[in-house]
Amino acid sequence: GSPDAKILIVGEAPSFDEIRESRPFVGPSGRLLDLCLHSAKISRAECAITNVFEELVKKGDEKKSEIFSRSGELLWTTKGFTDAGRIAAKPCLERIAKSNANVIVALGGPALHLTLDIRPLLKWRGSIVVNSLGRKIIPSIHPAFILRGEYHNRYLLINDLTKAKAESDDARFIPTARNYLIDPSYSEVLAFLRRCLDAPAVNTDIEVLAGQVDCFSLATSAHDVISIPIVDAGFEHRWSLEEEREIWRLYAQILQAPHIAKINQNITFDLAALLELNNITARGPLHDPMVAFNVAYPFLEKKLAVISSFCTREPYYKDDGQLADAPKVEDFQKRWLYNAKDSAVSFESWEYLMPDVDSGGYRATYDMTIDKIPALVYMMVKGLRVDRENLATARAKAKANLAEIVAKLESETGRKIITAAPKKAAEKRALAGALNVNSPAQLKEYLYRDLKLKPYVNSAGAESVDDVALSRIVRRDGLRTAKLLQDYRRIAKLIGTYLDMQFDADDRMRCSFNVRGTWTGRLSSSQTIHGVGGNLQNIPDDMALFLVSDYQPEAQNEAVV
Ligand code: URA
């Protein structure tokens, strides 16, 4: 391409097709790149295209993504270039220096390291970053990676190329204008909160530190945002008691106003925390860019870093919010800016995504998902009462039962039964000859080699000792050991997943709901952020016995148990 092309695309290295034609990206990766350029409304003729390495390379260890020269010299790993790699990439650097492109798209790790020297790629993908030479770089995914079973990622490449096209008229990076009100005075806080009461929609995002809200942000648009600290730098109260009370009162009024739409990334989490910690129940319309993104692009990761890279021009910032053990004043300032940015970016992402939701015909799915949120928030906070005493009795019984099964297995097999692989050498020696009932490999060995039973083969053609295989062995061979193994697994699972579960101090089982948590977009539930409770959707009857309704008289509860 011409050095005057406005977009420069930097790949990795030629393959056989490219060497044969002396042109970059003419093989399978090139065809995919062409398709993505087309979708981004870029003609190949408007770009210059080059490669970091000029000659054929060999791939090494997949995990480290090693790249070797044909003569076997290591050129690049995920840690960066080797000396030999730098020498090999020098001509490419010279070509980049000569190019007058306004924007450079770096495809894959080597191109990213050559142009920016930041890592890892996946965090920075889709960001517009200015390098030390003042060049505007957009890192993206290499088409060859997309072709290796990650085909859905082409949407990310198309998105990044579209961004490159929009950036190609100007060599400067002009960040999206945002009015950040950080570290505000009390009167600034009140003025902003009152302004929110007149807004049709606000994005709000809380940060939680040591179990309390330490700051929250409110955005009335993608460009106007405040972060209100509750805890000051140095962990003191930021406001007097009266001031803080007034701030919470106004915030609650905003959240409860039926005419104000509340938006946030994963709003279920924020609303549950606000209900639990501050006794605030949101009313009025709710919105969530995470739901919109997942409904429209279900195969892409739905965390804000990815959504923001897809929907906004905000460079990657998601590592800025963490407080170190002994944070300085600047760290709090950074956290407040991060908190404000989250609201602005979430607002902007939601505005970007809703037209996609509508044009794709996904509105009903979006609305149905959002409609569940108030009930899920209530369920998360309320939890279910646990009958701890009867549960403890059942747990003890189940454990005794399990010990009995292990003893029977020992007498049936004539071997010591263990349930975990020994780690230390001395232990290994002492337990030589023992049978680990949790090891499918050892069970296959025992059933199919030692006992010489005919192996059961699953649909993938592999020998199996799963529950179906054990049932068939019981039926076909009448082997008592197989039945004992089935019982062992069922009871061990019941104990491990349910009877041993930890609960909150008030004896209630809670969970964290993820509105579109499964691969197919269904609701999922898991432990809370405090690491207690668990999946509340598939409770087996043996455990459901110990979750009791709040609304039944005590006498009936006992009868139920
Ligand atoms: N992969 C690259 O990185 N460059 C090419 O030219 C072809 C495939």
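All values reported here derive from a predicted model rather than from experimental measurement.

Q: Give me the environment of Ile267: which residues, what numbers.
A: Take Ile267: it is sitting in helix α10 (residues 267-278). Once residues within four sequence positions are removed from consideration, Ile267 is found in contact with Lys262, Leu286, His287, Asp288 and Ile373.

Q: Please give an account of the site of the ligand that cites residues and values.
A: The environment of the ligand is made up of Gly11, Glu12, Ala13, Glu18, Pro24, Phe25, Ser29, Asn51 and His142. At a separation of 2.7 Å, a nitrogen atom of the ligand approaches a polar side-chain atom of Asn51. His142 has a polar side-chain atom sitting 2.7 Å from an oxygen atom of the ligand. In isolation the ligand offers 240 Å² of accessible surface; the protein chains occlude 94% of this area. Tallied by class, residues from the shell around the ligand come to three nonpolar, four polar and two charged.

Q: Tell me what's going on with the sheet that holds strand β16 (residues 384-386), and back it up with residues and numbers.
A: What holds strands together in a sheet is hydrogen bonding between their backbones, with the strands either parallel or antiparallel. Spatially, three strands are ordered β21-β16-β24 in an open sheet, and the strand pairing comes out antiparallel. Either end of the sheet is taken by a strand with one partner, and the two such strands are β21 (508-509) and β24 (547-548).

Q: Tell me what's going on with the sheet that holds strand β4 (residues 67-69), and back it up with residues and numbers.
A: Ordered by their spatial adjacency, four strands build an open sheet running β3-β4-β5-β6, and the pairing between neighbours is antiparallel. Here the strands that pair on one side only, and so sit at the sheet edges, are β3 (57-59) and β6 (80-81).

Q: Pulling in residues and values, what's your account of the pairing of strand β1 (residues 7-11)?
A: Counted residue by residue, β1 has five buried out of five residues, so it is predominantly covered. Covered by surrounding structure in β1 are Ile7, Ile9 and Gly11 together with Leu8 and Val10, the residues of both alternating faces. Relative to strand β7 (residues 103-107), β1 runs parallel, the two being bridged by four bridges. Each residue of the ladder has a partner; that of Ile9, found in β7, is Val105. Pairing between β1 and strand β2 (residues 47-51): five bridges, direction parallel. Paired with Val10 across the strands is Thr50, a residue of β2.

Definitions and limits used
- Residues numbered from 1 in each chain as written.
- Predicted model: local features only at pLDDT ≥ 70, side-chain atom pairs only at ≥ 80, totals over all residues.
- Heavy atoms only, no water.
- Helix = DSSP H or I, 4+ residues; strand = E, 2+ residues; numbered from the N terminus.
- Contact = heavy atoms within 4.5 Å.
- Near = heavy atom within 4 Å.
- Polar contact = N/O pair within 3.5 Å; in protein donor to acceptor, adjacent residues only side chain to side chain.
- Areas by Shrake-Rupley, 256 points an atom, 1.4 Å probe, with all protein chains shown as cover.
- Nonpolar A, V, L, I, M, F, W, Y, C, P; charged D, E, K, R; others polar.
- Pairing = 2+ DSSP bridges.
- Buried < 20%, exposed > 50% of the residue type's maximum accessible area, 1.4 Å probe, protein only.

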